[in-house]
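Report on the structure
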Amino acid sequence: MRLYVYVMEAHDLAVKDSCFVEVQVGKHKSKTRILRNTNNNAAWNEEFVFRVYDMNEELVVSVFHQDDDCNGLFNGAELVGRVRIPVGSVAAENNSTLPPAWYSFERPKSGKFINRDCGKVLLTLSLHEKCHNVAANDLPCSHSNITEEPKETDSPFVSSNCVLCSKSPRGKTLSGKQLMKALRRRMDRLLHKNEEGSRTDDYSELSSSVSDYEDCMEEQHSGFSFEESLEMMQSRESKQRMSENLQGGILIDRAYVVSPNDLNASLFSPNSQFRRDLAERQGTTDLREGPWTWKSGELSCLTRVVTYINAATKLVKAVKATEEQTYLIANGREFAVLASVCTPEVPYGSSFKVELLYKISPGPDLPSGEESSHLVVSWVVNFLHSTLMKGMIEGGVRQGLMDSFEQFSSLMDQKFKVLDSTYLSDKDHILASMQAGHQSDWELAKEYFWNMTVVSTICMVLYILVHILLCEPSKLQGLEFHGVDLPDSIGEFITCGILVLQLERIYNMAHHFVQARLQQGSDHGVKSQGDGWVLTVALIEGTNLSSLNSSGFSDPYVVFTSNGKTRTSSVRLQTTDPQWNDILEFDPMEEPPSVLDVEDFDFDGPFDQAMSLGHAEINFLKHSATELADMWVPLEGKLAQSSQSKLHLRIFLDNTKGLETIKEYMTKMEKEVGKKLDLRSPHRNSTFQKLFGLPPEEFLVCDFTCALKRKMLVQGRLFLSARIVGFYANLFGHKTKFFFLWEDIEDIQEHPPSLSSMGSPLLVIVLKKDRGVDARHGAKCQDEEGRLRFYFQSFLSFSSASRTIVGLWRTRALSPDQKAQIVEDHQDDYEERSKMVEDTEYILDLEDTKMSKVYTADIPVNTKSLMEMFNGGELEHKIMGKSSCINYATTAWESINPDVFERRLSYRFNRNVSIFGGEVTCRQRKSPIANGEGWIIDEVMALQGVPFGDHFRVQLRYRIEKSGLAHNACKCNVYVRVTWLKSTMFLERIKHNITEKFAHRLKDIFELVKREILLTSQQVIDH
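Residues numbered from 1 in each chain as written. Predicted model: local features only at pLDDT ≥ 70, side-chain atom pairs only at ≥ 80, totals over all residues. Heavy atoms only, no water.

Some words on the nonpolar core
- The biggest cluster of nonpolar side chains holds 63 residues, and the ones touching the most others in it are F560, L596, I618, L649, I651, F790 and F792.
- The greatest single-element share of this core, amounting to six residues, is contributed by helix α17 (residues 798-813).
- Once residues within four sequence positions are removed from consideration, I618 is found in contact with S594, V595, L596, V598, H623, L628, M631, V633, L649 and I651.
- By size, the runner-up hydrophobic cluster in this structure holds 52 residues, among which are Y855, V913, F916 and I990. (Core = buried A, V, L, I, M, F, W, Y, C linked by side-chain atoms within 4.5 Å. Buried < 20%, exposed > 50% of the residue type's maximum accessible area, 1.4 Å probe, protein only. Helix = DSSP H or I, 4+ residues; strand = E, 2+ residues; numbered from the N terminus. Contact = heavy atoms within 4.5 Å.)

Here it is as structure tokens:
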């Protein structure tokens, strides 16, 4: 008998890198390759075959951590966990095969992993007679790199490191020359390990498997057609995102009326007619396309080699080029192919290679119903070793690629219909098409209620109604009397119960549906007012959103934040795949926004500290207008990543005033920096945008000649725009280029001249933690808090440069509250707030209302001292400031009746109190208690900017009177009541949330009051 063991993957391992699996049956064992940087999850996809003589033997699967600091091949391996499976249990299964299943590792009895969770491993086991074709029937697989058909040997181990498949061809047997070559390479690795420490050691030991000789057969023919290989890669696709464009620049960025699959097939399928037509147009000869093959590694991928002879130019003769094409992504919707081109016959050809990245993604939806695709081709030159001719080589490559892809683009235009670029970013057209595809309420109801529950209930009700019509009135029996007909049997009782449960479920479904259709977010459909930079976000849908409830569903809503302004979507009920179709517009901004923060929440009340379902950050500088016009945003966070949550957005950034907005911005900056700022020419702005790969709306403010200080000084130029700080230097072809956002800066420091700075003052820019990662290579150091620090010196005018940089940063770094102080207390806002409070007056006049007591305490201060908390003085402002109230303001108490006083309050909750922030307007009325030994204060609170804020008011009643327990003490009771102005299905949830939050909040406030009063009294006594 032969036991086939297929080691697929392992999750939640106790180690993050350098791990391998050892498989043992009896005295015979073998090992997988070592995987690096697994991050607690590893995928081997390797098969092992053992001869089995005794069914009482055990299969032992162990995972080890390889210590790279130890010498030798596998010295220093430490056991992480182990799984034992009896071989007899495999024989007892159907077809003697155990399907893929997870097995938890047992903790080792000694070592550093003794007290840690060891994770689990995914295995498939199969037991068969000799020469049984297990691949054809039992093992799910993708492709094969098997070296030879298993055959009887003296060792029970037959083969390893192969993925069997019914369609996989038999590989060639290794020749003796190849085996010696592989053995020599293995010995070189052992003898030169210190020199080649960066290479990964893929296999375990020389005597354990034929897989040790994989060096000489890294690639094997897949045996599939091109379409089948792509489908197989799609099924193996993991959480891979579309690659970023290469740094050299963009050669093509166009959209075509053709599906992504068809465009991909035209460009990369074997014997493509498009490739042959392109070769003929460019004068390329001897075009040879190799077959698509599987390249093994941590992530298997498709690759092929294409060779051709480029046509001669005025400077370079006809030379042979070798192009290796590799699929990075092929998920059915998106494709990414990396082409690495080598031309060793050109001057300095052995010192560099050119890389091209072809990205194909779905384009916008067309009214005609046709599919469209977006093709982006970028390039970069990778130098294998340094050369003084680097700048000249890059210039020659750039010119050659531009000429070549000009012909490529013209041929594409002939083959496929080009989609106008203005159409791709036409906001009105796209939003109109989105609204045109909106489903009616009837269609949604049909889709929502067309399920087995509703159909079965309707049939059941009709059946019972027909039965009632056909039946005659029954005689009274048992405990029945006129008007009450009880079930006469257990079957009737069960039938009634089932019918009631079904009807209740349908009622809940109908209630949820009606609420979902009626509920709209406060920001949905609100048009922006004014001119400037207008940001419009269309939230279309979400997929695979995570849930915090046991039901598996959530009530999601999305909060968007940009330049300190927030917009909130509507709430969708009981779904993980919500359809929003919300259009949210931000008010015009004076400065173009840099990023859009997206966060998905599960609604649970206006004061809820809800755990986020996922978040994402969209950097406008890294996406073109076409990409922003239709994009799927993967959410980050543990919950979102485990569910692979995504949001479908369409984002538009418009400058409604054009050049006037930029002029107004420059004028404003002149006042901040104290010097004249000239508007740069379109050509200068275009050069700046191309240099850093920025979108066309970015404009240059000013630039300075300076030096970047790292291990050595790099002379270059510092560029300042409305959104970024960028540095560029080109020293003998060695380029240094990076940029970061103004929002990434935490501090700017000025250091006086010193010997280390060669007598020049230093300007140090400190970024926030974990920000500016793409600019890491330009930082001099990273401090102990994980912040990058950039050192600049040798400015022609240090004071002018420093004043300009600090002025631009402070303007960009001002909080929304600080910016709002300039225009606060506008008359319109005041009237709106006053109007909202008017409807609370009748609530104050209510008497004997039923309220819930949320706080009671005997406070060791007298009544007069405690009432200072309601006098609008220093104590009140200090306590409310510590209680997360921003911009706290009160009016003086005004007498409205004898012994009855009234005042108004306004403030904003910190986001530590409410995730929505929100403004609060209150009306307080105080009157003395009948015995004259205390006060009653009634307060009505109106919340603005929170979901359902216009549905309710919060009423508080403070009863403060003299305590009977001590002479110098008072008793304080606080009651809360929620008064509803409109009905909502979240009534009980909001009421419970408010009551619970105010109970904790009032306790903290009065503790602060007691502490402050006692501390002040003690200080007076001490003095």
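Here we look at the sheet that holds strand β26 (residues 646-655)
- A sheet is described by the order of its strands in space; here four strands give the open sequence β22-β19-β26-β25, paired in antiparallel fashion. The sheet terminates laterally at β22 (579-585) and β25 (631-634), the two strands that pair on one side only. The average undirected angle you get between the axes of adjacent strands in this sheet is 25 degrees.
- The sheet contact formed by strand β19 (residues 533-543) and β22 spans five bridges and is antiparallel. Its bridge partner lying in β22, V537 is registered against L584. (Pairing = 2+ DSSP bridges. Axes fitted to C-alpha atoms, helices over the stretch in contact; angles between N-to-C directions.)

Side note on the sheet that holds strand β3 (residues 28-31)
- On the basis of which strands lie adjacent, the open sheet formed by four strands has the order β3-β2-β5-β6 and antiparallel pairing. The two strands at the open ends of the sheet, each matched to only one other strand, are β3 and β6 (77-86). Averaged over all pairs of adjacent strands, the angle between strand axes in this sheet comes to 20 degrees, irrespective of strand direction.

Observations regarding the pairing of β25
- Of the two faces of β25, the one holding M631 and V633 is buried and the one holding W632 and P634 is not buried anywhere.
- Where β25 and β26 come together, four bridges link them in antiparallel fashion. Across the sheet, the residue bridging to V633 is L647, located in β26.

Quick word on the environment of K991
- Relative to the assigned elements, K991 resides in helix α23 (residues 987-1022).
- In the structure, K991 is positioned 14 residues away from R977 in sequence and 8.5 Å away in space, judged by C-alpha atoms.
- Apart from residues no more than four positions distant in its own chain, K991 is found in contact with V978 and W980.

As for the pattern of salt bridges
- Evaluated as defined, the whole model comprises 37 salt bridges.
- Its salt-bridge partner being D587, residue R567 comes within 3.3 Å of it at the nearest N-O pair. Of this pair, R567 sits in strand β21 (residues 565-568) while D587 sits in the loop between β22 and β23 (595-602), placing them 20 residues apart in sequence.
- A residue is classified by how much of its surface remains accessible, and R567, at 13% relative accessible area, is buried.
- Several salt bridges share partner residues, and in doing so they unite E746, D783, E785, R787 and R789 into one network. (Salt bridge = Lys/Arg side-chain N within 4 Å of Asp/Glu carboxyl O.)

Quick notes on a nonpolar patch on the surface
- A surface patch of nonpolar side chains, amounting to about 520 Å² of accessible area, comprises L388, M712, L731 and F732.
- Relative to the helices and strands, M712 resides in the loop between β27 (700-709) and β28 (713-721).
- Since its relative accessible area comes to 55%, M712 is described here as exposed. (Patch = residues over 30% accessible without salt bridge, like charges linked within 9 Å, V, L, I, M, F, W, Y side chains within 5 Å. Areas by Shrake-Rupley, 256 points an atom, 1.4 Å probe, with all protein chains shown as cover.)

Description of empty space enclosed by the protein
- The full count for this structure, using the stated rule, is four cavities of 30 Å³ or more.
- For the lining of the largest cavity, the secondary-structure elements that each account for two or more residues are α22 (874-882), β38 (900-909), β39 (919-928), β40 (934-944), β41 (952-962) and α23.
- Along the lines of polarity and charge, the residues of the lining of the largest cavity split into 15 nonpolar, one polar and three charged. (1 Å grid on protein atoms, 1.4 Å probe; cavity = no way out; pocket = protein on both sides within 12 Å on 5 of 7 lines; lining within 4 Å. Points joined across faces, edges and corners; volume = space filled by probe spheres on them. Nonpolar A, V, L, I, M, F, W, Y, C, P; charged D, E, K, R; others polar.)

Looking at the side chain of K390
- Positionally, K390 belongs in helix α7 (residues 390-415).
- For the buried residue K390, which engages in no salt bridge, the nearest side chain bearing the opposite charge is E394, 5.3 Å off.
- Excluding its chain neighbours within four sequence positions, the residues that come into contact with K390 are F383, G733 and H734. (Lys, Arg positive; Asp, Glu negative; His and termini not counted.)

Thoughts on the confidence of the model for the chain
- Of the residues in the chain, 79% reach a pLDDT of 70 or more, and the chain-wide mean stands at 78.
- The least confident element of the chain is helix α2 (residues 134-137), whose mean pLDDT is 40; the most confident is strand β34 (residues 788-793), at 95.
- Contacts from residues 821-843, a stretch scored under 50 in pLDDT, to residues over four places away or in other chains number 23 contacts. (pLDDT = per-residue confidence, 0-100.)

Quick look at unusual backbone geometry
- The backbone of Q644 sits at a positive phi, close to 55 degrees, despite the residue not being glycine.
- Looking at the secondary structure, you find Q644 in the loop between α14 (638-643) and β26.
- Although it is not a glycine, D899 adopts a positive phi angle of roughly 65 degrees.
- Along the chain, D899 falls in the loop between β37 (894-897) and β38.

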